[in-house]
Amino acid sequence: MQPKKHIVHLPVYQPGKPVEEVKRELGLTEVIKLASNENPFGCSDKAKEAIVAELANTSIYPDGASVSLTAEAAARLGVETNQIIFGAGSDDVILMLARAFFVPGDETIMADQTFAQYKHNAEIENATIIEVPLNDGKHDLPAMLAAVTDRTKIIWICNPNNPTGTIVTHDELEQFLRQVPPSVLVVLDEAYCEYVYDEEFPLGLELLKSYKNLVLLRTFSKIYGLAALRVGYGIGHPEVISLINLVREPFNTSRFGQAAARAALTDEEFVARCHELNKQGIAYVTGELERLDLSYFPAHGNFVMFDTKHPSAQVFDGLLKRGIISRAKWSKYPTHIRITIGSREQNERFIAALEQVLQELAVQV
Ligand SMILES: *Cc1c(COP(=O)(O)O)cnc(C)c1O
């Protein structure tokens, strides 16, 4: 068999370890997954009711273009319906962007430690990846701008950045956008925007009005707690959205996903509660990290990346033995781990386990 030559070396995505697998392998009864930035509070009850109600229509194909969901999301965001495209998670929108825009030899610019799907999908299309080092965990926009050539097609900015959690500010982003050639797409991935409370966070929807080459990515997988149902979307200029729509699979979102997302949009109280509890969780976890004398990147999403001062695999294994699944092994940050903010009880259990692990490792040294 002869696959495309440039895909055979691609890494297979390594998801956070599933809870059931860890229970089985380590013989534990209680395991907390803080590895994939999932919502520890689940999803809105209204979304659950909508999913159950939709069961009656299981044999019927979904509305391929997500018309109702698009209309409701557009109204809430204050954009036109032709400015939105839905995908099976924002992962699917990233895939569609790559599929619609890249031809072999195109260049694409991204941070050297950011969400893996930008690179993965660009590689499948045989685009040339230009990775610009994060500066103190933060996107270096001037360096990204300096990397633009006449072959550049897409620049990816993850804000807050996964895995570091840092943000670029509105002013920094606007100054950057003013200088990017209008022929280059700028994709601003705002998967965690509903968690942010920093006043300098960019108003992406405002910037869309001035920059036709800007596309925002949003998702129902994080604060809305619907990761299993795969619903995410892109927001941009109608011309860009219609180009992406050309490569969309006919039924790329499910009936359950659409119904749950529509209901979730109406439950503002659930989102506000998760935002507030996450804010308290960040304050608690970062306070404890300071007490333990561990440094961390400014955390603007629902996760914190911190320096354990030990090889991260050792801390990861130590936490795992104590029933905490974290995320480690970032090539640029060999002593850091990333942890999702959980419920108060989960956060406390994580800190207690971390203290034990660090004590154990200190004795070994
Ligand atoms: C989780 C995440 C996504 C995508 O999630 P979907 O479930 O595919 O919507 C996109 N970007 C970033 C940065 C993420 O962390």
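Residues numbered from 1 in each chain as written. Predicted model: local features only at pLDDT ≥ 70, side-chain atom pairs only at ≥ 80, totals over all residues. Heavy atoms only, no water.

Overview of unusual backbone geometry
Thinking step 1. Looking along the chain, the bond that leaves Asn159 and enters Pro160 is cis, with omega of -5°.
Thinking step 2. You can see Pro160 is positioned in the loop between β5 (152–158) and α7 (170–179).
Thinking step 3. The linkage connecting Asn162 with the following residue, Pro163, adopts the cis geometry, with an omega of 20°.
Thinking step 4. Here Pro163 is to be found in the loop between β5 and α7.
Thinking step 5. Residue Asn126 is not a glycine yet carries a positive backbone phi of 65°. (Helix = DSSP H or I, 4+ residues; strand = E, 2+ residues; numbered from the N terminus.)

Focus on the environment of Val285
Thinking step 1. In this structure, Val285 sits in helix α11 (residues 268–291).
Thinking step 2. Accessibility expressed as a relative area gives 1% for Val285, which makes it buried.
Thinking step 3. Taking C-alpha positions, Val285 is 32 Å from Glu174, a pair spaced 111 residues apart along the chain.
Thinking step 4. Ignoring sequence-local partners within four residues, the contact set of Val285 consists of Val304, Ile341, Asn347, Phe350 and Ile351. (Buried < 20%, exposed > 50% of the residue type's maximum accessible area, 1.4 Å probe, protein only. Contact = heavy atoms within 4.5 Å.)

Re the nonpolar core
Thinking step 1. Formed by 49 residues in total, the largest nonpolar core has its most connected members in Ile84, Ile155, Ile157, Phe176, Leu214 and Phe220.
Thinking step 2. Residues from two domains meet in this core; each of domain 1 (14–42 + 269–364) and domain 2 (45–266) gives at least three.
Thinking step 3. Excluding anything up to four places from it in sequence, Phe220 contacts Phe86, Gly225, Leu226, Ala227, Val231, Gly232, Tyr233, Ala261, Ala264 and Leu265.
Thinking step 4. With 31 residues, the next largest nonpolar core counts Leu292, Phe316, Ile324 and Ile339 among its residues. (Core = buried A, V, L, I, M, F, W, Y, C linked by side-chain atoms within 4.5 Å. Domains from an automatic or database assignment.)

It is worth stressing that arrangement in space is one thing and function is another; only the former is reported here.
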